[in-house]
Structures are given as C-alpha cells and as structure tokens.
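Per-entry structural report
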Amino acid sequence: MKSAVETLNPTRVRLTVEVPFEELKDSLDAAYKKINQQVTVKGFRKGKIPARVIDQRFGRGAVLEEAVNDALPKFYTEAVNEAELNPLGQPDVDITELKDGETLNFTAEVDVRPALEIPDYSGIEVEVDAVEVTDEDVEKSVEQLRERFASTSPVERAAEDGDVVTIDLEAKVDGEVLEDGIANGVSYTIGSGELLDGIDDAVKGLSAGEEATFTSELKGGSAAGKEAEVTVKVTEVAKRELPELDDEFAQLASEFDTLDELKADSRKRLANMKQFDQATQAQERVLEKLLELVEVPVPEKLLEDEINTRKHNLEHHQLAQMGLTLDKYLEIQGKSAEEFETETREAAVKGIKTQFVLDELVKKENLNVNQEELTEHLMRRAASSGMSPDQFAQAVVEGGQVPLLVGEVARGKALAVVVEAASVKDTNGETVDLSDEDEETEAAAEETTTETTEG
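Here the structure is a predicted model, which is why all the values come from computation and not from measurement.

On to the packing of helix H1 (residues 25-38) against helix H2 (residues 51-58). The geometry of H1 relative to H2 is characterised by a closest axis approach of 11 Å and an angle of 70° between their N-to-C directions. Regarding the angle of H1 to H2, the classification is roughly perpendicular. Judged by the twist between their axes, the crossing of H1 over H2 is left-handed. Contacts between H1 and H2 involve Tyr32, Ile35 and Asn36 from the former and Ala51, Ile54 and Asp55 from the latter. Residues belonging to the contact of H1 with H2 are distributed by class as follows: 4 nonpolar, 1 polar and 1 charged.

Here it is as structure tokens:
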C-alpha cells in the first residue's frame, strides 16, 4: 500500500491511497465466506458454494463491493498512522479507481488536529481577588446555621412574613383544573420565594381555614410557562423560633463547646472556601491568557457539531428537567436568539481551543496519568453526577469512556503546570502561592475540558 497526504488547510487533509490487489486477498476471502453463509444454490451445501459459482450467480461486483467495504477502514487506518495524523471525526471517502485483479485507489478527506506551537508561558501574569473573611461573613454563616435549627409552633393568628404555613393548592388553566395542579399539605415559609410568584401576598393575612386566589405563571409541570389561576388554602400557621446564639446553641449545632469556637471554625471554613474560589479564578484567568498566546485554527465541522451538542444538551436535558422551553429560558435570561447563538458559538470555540492547547501541552511536558489520579477524578465526577463511584465507574467502562476521563485528568495536570509557572497576585498586590493547590487546579481544568466534550 502507498499513501500520500495533501494539506487542504490547517485543519483538513486529503489522503490518497493506492492498494495493490493482492492486499485485498483476506477481505475477498472473507467476502466469499460471508456471501456463502447468506445464500443458497441448488446442488451445493450451505457454506460450500465455490467462488466461481458465486461470481456467476451473484456477480463478481457484489463480492468486490463487500471486500472493499471490509478493507477500507483497515487501509485508511494504516494511512493515518503512517502519516502520524490526529483525525477528528469520520473521513469522507471516495473510491477513485477499482480494477479487478489490479488495484484499489481511494481518497479520504478528514479534519485533523492542527499543529500548534506552544510559546513560553512563564511570563503570564494575572490578578485575582484577595482572600478576606470579614466579621459580617462569619455572622452570616452562623445565622444560616441558626436558621437550620429553627423550630416551629402553631399559632392562632393570621400568617405573617417568616411564618411557616401548611397549604393546599389548586391550579386552573382556562378554567380547567390541571391533572397535576393539585397539591395538599405543602409546607411553605412565607418570603422564601420557593414556590409561585404572588403566593406570599396571597397567604399573608390568612388564618387557618381561609383561602385566597391569585394568578401566577407556572414554573413546572404539564402547563409550565402558562398563566394559571391558583387557589391557596391555609390549613395551619406556625411561627418560626430561632435558638439563642450562645454556647448551648454551639453544642447543639456543632462539635464545639462554645460559640466563640464555632465562630472560629466558621471563619476557617470560609477562608478555605475563598482560597478555593481564588485558585479557581486564577486557573480561569491563566487559561484565558494562555489561549491568547496560541494561534488555534478550529475545524468548522467540529465547531458546528460542538455547537449542536451544546444546544441539544441544554434544550433536551437541562431545560427539560426544569420544565422549560428554550424560548422561555431565553426570556428569563433576557437574551435574544441571536445573543444565545453568539454566546454558544463563543463558548464552543473556547472549549475546542482549550482542549487542543492543553492536549498539546500534555505531549510537550510528557505528562502521564496514574491510577490514583484517575480514581480521584472518577470520584469527583461521580459526586457531581449524583451517582455512586461504583455506578459511575461501571457506566464509564461500559460506555468506553475511560480514555475520555484519562484525557480530562491529563489536561488538568497540563493547566496546573501553566498556573504554577504564572505570576499570580491578589488585589492587594500580594503574591498568591498556588503550589499547594495542584489538585484544585487540575479539577478546574478537568471541568473545563469535560464541558467541551459533553457540551
């Protein structure tokens, strides 16, 4: 077999392949064997029909077609490997010549990863938010914990802001009660904003046994997005009572003996969270700078596929779970269809460029992924997917997605290398040392590349 490569543009090539007919022998034998199992000829046992009889009865052309279809993937792969190409997607194959007993010639056009030059990235400089935990931050954290330990007690009065009411709901659209429009015994905290728009004004001032009707746009269910007439009946009003902020509360809500110890722990946890946010911010900004340094051509077909994948995942998975249409989502976001298209394209371009650049860095820096790193990444992905590690691992193996996970981890390590080489300062002018944040750095890069591949 002989092959040659013609570069059509930085992301697409044409392979021209010439195959001597004798190299089709195995595929021809397999073709005769396959046809033998599929047809019957009087006078011959099934599977024992001579090749000349098959040629006479069904035509040599049918055999050649079967053989070529079988052989093309193998010869295409050999040509790709010989040329050391990194193909993206399936090739467009055209058989240019097929002479029985002489030769098979074909061309294959395919998108390929562009050759990238990664410049010196040690000069990258970024600024991130300083890690500062205020007394107000601590008080807010403790107050949120206090809210979780609130108790309720029924009261014989009209409902007020902050009360917990037990309610029955009935929703009608065009005068008809919806099949899924009835809910009884719902517990709702007035002012929480967790149910329908307008419900707070409707229930405030109602006592147990009283009801009111209001109009609201339904957020989910069979009539999501439609205006409904909602009747709400209050069956119980309860007052929320917050525990006193003292040492006794600290013992109730935590493993600490005093309120001061609880607050000190809250301050420490908030600092850790802000440090993680700072590391994530550094990773994102370093990546932005890195992408600015590298010229990355993007294959148009790959880009269109990525855009379509992102749209499909948003519309048929994320929005479908929330009972929203794309049009309704855009209305809520205050975006036009044109703005959505532009943002989706820009995100897709960034995702593809990120993957190309970090993959090139993986090669340049000779980065490898060990079993421990892969396992840690799998645990993180399982947690974010809501599956157990065992369930997620089984799904990954059965779906043949192990190489995808390995790639995500490797790209995370590549970004960690760049972040470590960069100069990162906070808004106070202090140098931020991220050398101990490698795991967080890699996790952020893995998330970025996961978004690219999954849309």
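What follows concerns a negative patch on the surface. On the surface, a cluster of negative charge is made up of Asp247, Asp257, Asp260 and Glu261. Looking at where glutamate 261 falls in the secondary structure, it is placed in helix H7 (residues 259-293). Note on glutamate 261: relative accessible area 37%, which makes it partly exposed.

Moving on, we come to the pairing of strand E11 (residues 423-426). Moving residue by residue along a regular strand, the side chains alternate between the two faces of the sheet. Burial along E11 is one-sided: the residues Val424 and Asp426 are buried and none of Ser423 and Lys425 is. Where strand E5 (residues 125-128) and E11 come together, 4 bridges link them in parallel fashion. Counted as the bridge partner of valine 126 is valine 424 from E11.

Quick look at the nonpolar core now. For soluble globular proteins, the rule of thumb is that nonpolar side chains tend to be buried together. One finds Ile124, Leu290, Val357, Leu361 and Val424 to be the most contacted residues of the largest nonpolar core, which totals 34 residues. Elements with a minimum of two residues in this core: E5, H7, helix H8 (300-322), helix H10 (337-364) and helix H13 (402-421). With 7 residues, H10 is the single largest residue contributor to this core. Excluding anything up to four places from it in sequence, leucine 361 contacts Ile118, Tyr121, Leu290, Ala414 and Val418. Leu15, Val41, Val63 and Leu85 belong to the second largest nonpolar core, which has 31 residues in total.

Another point: the sheet that holds strand E2 (residues 12-20). Backbone hydrogen bonds are what pair the strands of a sheet, in a parallel or an antiparallel way. Ordered by their spatial adjacency, 4 strands build an open sheet running E1-E2-E4-E3, and the pairing between neighbours is antiparallel. Bordering the open sheet on either side are strand E1 (2-9) and strand E3 (87-99), each of which pairs with just one other strand. For this sheet, the mean angle separating the axes of adjacent strands, direction not counted, is 20°. The pairing of E3 with strand E4 (residues 103-112) spans 9 bridges and is antiparallel. Counted as the bridge partner of leucine 98 is leucine 104 from E4. The strands that helix H3 (residues 60-83) touches are E1, E2, E3 and E4; relative to E3, the one it contacts most, it runs at about 125°.

Turning next to the packing of H7 against H13. Direction vectors running N to C along H7 and H13 enclose 90°, while the axes themselves pass 10 Å from each other. Taken as axis vectors, H7 and H13 run roughly perpendicular relative to one another. Seen from H7, the contacting residues are Gln283, Val286, Leu287 and Leu290; seen from H13, they are Leu415, Val418 and Val419. Residues belonging to the contact of H7 with H13 are distributed by class as follows: 6 nonpolar, 1 polar and no charged.

What follows concerns the side chain of asparagine 105. Inspection of the secondary structure assignment puts asparagine 105 in strand E4. With a relative accessible area of 13%, asparagine 105 lands in the buried category. Discounting residues that sit within four places of it in the chain, asparagine 105 has contacts with Val17, Glu18, Val19, Ile95, Thr96 and Glu97.

With that settled, consider the side chain of serine 266. Here serine 266 lies in helix H7. For serine 266, a relative accessible area of 2% translates into the label buried. Ignoring any residue separated from it by four or fewer positions in sequence, one finds serine 266 in contact with Val138, Ser141 and Val142.

Conventions and cut-offs
- Residues numbered from 1 in each chain as written.
- Predicted model: local features only at pLDDT ≥ 70, side-chain atom pairs only at ≥ 80, totals over all residues.
- Heavy atoms only, no water.
- Axes fitted to C-alpha atoms, helices over the stretch in contact; angles between N-to-C directions.
- Helix = DSSP H or I, 4+ residues; strand = E, 2+ residues; numbered from the N terminus.
- Parallel < 35°, antiparallel > 145°, perpendicular 65-115°, else oblique.
- Left-handed = near helix turned anticlockwise from the far one by under 90°.
- Contact = heavy atoms within 4.5 Å.
- Nonpolar A, V, L, I, M, F, W, Y, C, P; charged D, E, K, R; others polar.
- Patch = residues over 30% accessible without salt bridge, like charges linked within 9 Å, V, L, I, M, F, W, Y side chains within 5 Å.
- Areas by Shrake-Rupley, 256 points an atom, 1.4 Å probe, with all protein chains shown as cover.
- Salt bridge = Lys/Arg side-chain N within 4 Å of Asp/Glu carboxyl O.
- Lys, Arg positive; Asp, Glu negative; His and termini not counted.
- Charge placed at Lys NZ, Arg CZ, Asp CG, Glu CD.
- Buried < 20%, exposed > 50% of the residue type's maximum accessible area, 1.4 Å probe, protein only.
- Pairing = 2+ DSSP bridges.
- Core = buried A, V, L, I, M, F, W, Y, C linked by side-chain atoms within 4.5 Å.

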